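# Analysis of the macromolecular model
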Amino acid sequence: MPDATHIDIRRAAPEDASVIAQTLLDSFAEFKSLYTAGGFSATTPAPGQILTRMREGPVWIASRKNKVLGTVAAVVKGKAAYIRGMAVLPSARGSGTGAALLQHVENWATAQGCVRLLLSTTPFLSSAIRLYERSGFTRTDEGPHDLHGTPLFVMQKNIPPQPSR
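Since the model is a prediction, treat every value here as computed from it, not as a measurement. (Residues numbered from 1 in each chain as written. Predicted model: local features only at pLDDT ≥ 70, side-chain atom pairs only at ≥ 80, totals over all residues. Heavy atoms only, no water.)

### Some details on the layout of surface pockets
Empty space within the largest pocket amounts to approximately 910 Å³. As for the largest pocket, its lining consists of 41 residues, and the residues nearest its centre are Phe-28, Met-86, Leu-125, Ala-128 and Tyr-132. The set of elements that each furnish at least two residues to the lining of the largest pocket consists of helix H1 (17-28), helix H2 (37-43), strand S4 (80-88), helix H4 (97-111), strand S5 (116-121), helix H5 (126-134) and strand S7 (146-147). (1 Å grid on protein atoms, 1.4 Å probe; cavity = no way out; pocket = protein on both sides within 12 Å on 5 of 7 lines; lining within 4 Å. Points joined across faces, edges and corners; volume = space filled by probe spheres on them. Helix = DSSP H or I, 4+ residues; strand = E, 2+ residues; numbered from the N terminus.)

Below, the structure is given as structure tokens:
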């Protein structure tokens, strides 16, 4: 039986698009003034754009006791899994949700045969950057360096090879 701190992560379904869009909006609202209008819009896609992402790769929802805590999406590009749409609600920050979502994506990417994880972030999301660094991500010089005028940088994590069975 899961304890009170247990975080459930499940693959999102099309009917979850609205709650995912709202989770992204609620998670990034406090940072809106630091984004350009286009950058904020791209970071907080509408339900229709979430549906497009679901066709490109998996989207997951993290919850506890059926209360949504966060979300993340991924898409395979060559031998890398690109993490996008990662968000944890302000009320759930520090609960382990972000780390659990990152581990979930890494497990999925490993099963897809990927050898590294990539993500883009903005320099002002310092708590998220610390989470990524604790999870083994390092900053790269790869682009993109801009999201509709909002500065970005790329972080990567090499996925350790899996032992042969």
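Having put the structure on the table, let's press on.
### Here's the deal with the nonpolar core
Membership of the largest hydrophobic core comes to 26 residues, with the highest contact counts inside it found for Ile-83, Met-86, Leu-117 and Phe-137. Among the secondary structure elements, those contributing two or more residues to this core are strand S2 (59-64), strand S3 (67-77), S4, H4, S5, H5 and strand S9 (153-158). Among all residues touching Ile-83, those that are not within four sequence positions of it are Val-72, Ala-73, Leu-102, Val-105, Leu-117, Leu-118, Leu-119 and Phe-137. Within the second largest apolar cluster, 16 residues are counted, among which are Phe-40, Ala-73, Ala-87 and Leu-125. (Core = buried A, V, L, I, M, F, W, Y, C linked by side-chain atoms within 4.5 Å. Buried < 20%, exposed > 50% of the residue type's maximum accessible area, 1.4 Å probe, protein only. Contact = heavy atoms within 4.5 Å.)

### Brief notes about the environment of Ala-128
Counting through the fold element by element, Ala-128 comes out in helix H5. When the C-alpha atoms of Ala-128 and Gly-94 are compared, they prove to be 11 Å apart, with 34 residues separating the residues in sequence.

### With respect to the packing of aromatic side chains
The full count for this structure, using the stated rule, is five aromatic pairs. Considering the side-chain rings of Phe-28 and Tyr-35, the 6.4 Å spacing of their centres and the 85° angle between planes classify their relative orientation as edge-to-face. Each member of the pair Phe-28 and Tyr-35 is classed as buried. Where Tyr-35 meets Phe-124, the ring centres are 5.0 Å apart and the plane angle is 85°; that geometry is what we call edge-to-face. A residue pair is termed long-range when its members are at least 10 positions apart, and Tyr-35 in the loop between H1 and H2 and Phe-124 in the loop between S5 and H5 qualify at 89 residues. The buried category is assigned to Tyr-35, whose relative accessible area is 9%. (Phe/Tyr/Trp six-rings, centres within 6.5 Å; stacked < 30°, edge-to-face > 60°.)

### A short note on unusual backbone geometry
A positive phi angle is found at Asn-66, which is not glycine, with a value near 65°. Examined against the element boundaries, Asn-66 turns out to sit in the loop between S2 and S3. Residue Asn-66 is classed as exposed on the basis of its relative accessible area of 79%.

### Comments concerning the sheet that holds strand S1 (residues 8-11)
Sheet architecture is open: seven strands sit in the order S1-S2-S3-S4-S5-S9-S6, paired in mixed fashion. The sheet is open, and its two edges are formed by S1 and strand S6 (138-139), each paired on a single side. Judged from the two bridges that link them, S6 and S9 form a sheet pairing that is antiparallel. Within S9, the residue paired with Arg-139 across the bridge is Met-155. (Pairing = 2+ DSSP bridges.)

Honestly, it's all geometry; don't read function into it.
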